[in-house]
Structure formats: structure tokens, C-alpha cells
Amino acid sequence: MSTRREAVKQALNEASGFRSAQDLYADLRAEGSKIGLTTVYRALQALSDSGEVDVLRTDEGEAVYRACASDAHHHHLVCRGCGKAVEVEGPAVEKWAEAVGAKHGFTGVTHTVEVFGTCADCSATAD
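Rules used throughout
- Residues numbered from 1 in each chain as written.
- Predicted model: local features only at pLDDT ≥ 70, side-chain atom pairs only at ≥ 80, totals over all residues.
- Heavy atoms only, no water.
- Helix = DSSP H or I, 4+ residues; strand = E, 2+ residues; numbered from the N terminus.
- Buried < 20%, exposed > 50% of the residue type's maximum accessible area, 1.4 Å probe, protein only.
- Contact = heavy atoms within 4.5 Å.
- Areas by Shrake-Rupley, 256 points an atom, 1.4 Å probe, with all protein chains shown as cover.
- 1 Å grid on protein atoms, 1.4 Å probe; cavity = no way out; pocket = protein on both sides within 12 Å on 5 of 7 lines; lining within 4 Å.
- Points joined across faces, edges and corners; volume = space filled by probe spheres on them.
- Nonpolar A, V, L, I, M, F, W, Y, C, P; charged D, E, K, R; others polar.
- Salt bridge = Lys/Arg side-chain N within 4 Å of Asp/Glu carboxyl O.

**A closer look at the overall build of the chain**
For the chain, the helix and strand inventory stands at 5 helices and 6 strands. Beginning at the N terminus, the succession of helices and strands in the chain can be written as α-β-α-α-β-β-β-β-α-β-α. Projected onto its principal axes, the C-alpha positions of the chain cover 55 × 45 × 25 Å. Here the chain holds 127 residues, and the buried ones make up 28% of them. Contacts spanning at least 24 positions in sequence make up 44% of the contacts within the chain whose residues lie at least 6 apart. About 8,100 Å² of surface is accessible on the chain, with carbon and sulfur atoms providing 50% of the total.

**Topic: the layout of surface pockets**
When its volume is computed, the largest pocket comes out at roughly 350 Å³. Secondary structure elements with two or more residues in the lining of the largest pocket: β1 (19-20) and β4 (75-79). Of the residues in the lining of the largest pocket, the class split is 7 nonpolar, 6 polar and 7 charged. There is about 260 Å³ of room inside the second largest pocket. What lines the second largest pocket is a set of 17 residues, among which Asp54, His73, His74, His76 and Glu114 lie closest to the centre. Put simply, the parts of the chain that give the lining of the second largest pocket at least two residues each are β2 (53-57) and β4. For the lining of the second largest pocket, the element with the highest residue contribution is β2, accounting for 3 residues. Across the lining of the second largest pocket, the residue classes break down as 5 nonpolar, 9 polar and 3 charged.

**Remarks on the environment of Arg5**
Within the element layout of this structure, Arg5 appears in helix α1 (residues 3-14). Counting along the chain gives 52 residues from Arg5 to Arg57, while the straight-line C-alpha distance between them is 21 Å. Setting aside anything within four residues of it in sequence, one finds Arg5 in contact with Ala43, Ala46, Leu47, Ser50 and Glu52.

**Re the pattern of salt bridges**
In total, this model carries 5 salt bridges according to the counting rule given. The closest approach of N and O atoms between Glu52 and Arg5, which form a salt bridge, is 3.2 Å. Of the two residues, Glu52 sits in the loop between α3 (37-49) and β2 while Arg5 sits in helix α1, which places them 47 residues apart along the sequence. Overall, Arg5 belongs to the partly exposed group, its relative accessible area being 22%. One salt bridge in this structure joins Arg66 and Glu87, with 3.0 Å as the shortest N-O distance. Within this pair, whereas Arg66 is found in strand β3 (residues 63-67), its partner Glu87 is found in strand β5 (residues 85-88), the two being separated by 21 residues in sequence. One network of salt bridges, with partners in common, ties together Arg5, Lys9 and Glu52.

Structure below.
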């Protein structure tokens, strides 16, 4: 793995939630890295393709990334306020996706489910 790709992966490992390419670029530059924004995007794509990072789309359509804590299939509960993310299993979702696919004659069904809300810390500061 290239040094720059490793730097992007390390930045994600240190982040507490999902981060955009722009956020990671700013973090790395603030630490003195000479990495370019295009390199950050390429590294994130490679890490996503290899399954080393999770990627999701925000309500605004922006791709955000997070280092995977689990190799197993999972979903995320994401705070709209601070971006904190929790990996969650969803056995009912898995069964539902398979059943919907089978009902319509589909095989090899995959899915992505992300749940958004407000974490306890952000809820407490909003009161």
C-alpha cells in the first residue's frame, strides 16, 4: 500500500465518524502532509473497493467514508449533528431484502441501509 494511501487510511482510523474527502484532505494538510486532493479521492476509492472503508451518501448526496470496524456485513446508525456512527447488525433487514428479491425472481440481492438520527450527546446540547 502506498504511503499516501496509508496516510488516508490512518486519518480515517483516527476519525470518530464518517468524513468527506475534503475533510480528510484538510486534516492531512493541517498535519503537514503534502498530499493532494485528487490523491485523497483515489486512495478513498481504492480503500472502498477493497472493503477497508465504509462509504455512504449524506442527505446532500456527498460521499463520506469511515474505517470499517467489522469485516462482516453491517449497517450504520449515524448522528446528523456530530457524525458519530455506530455499526449495527440488521437480521430483519437481511431477511426482508432476500424475501423481496425472491418474491420478484431476483437472485444475488444486495442492499445498503443507513439509519440517521441524533445521538444522546447532541440531543442533550439541543435542549
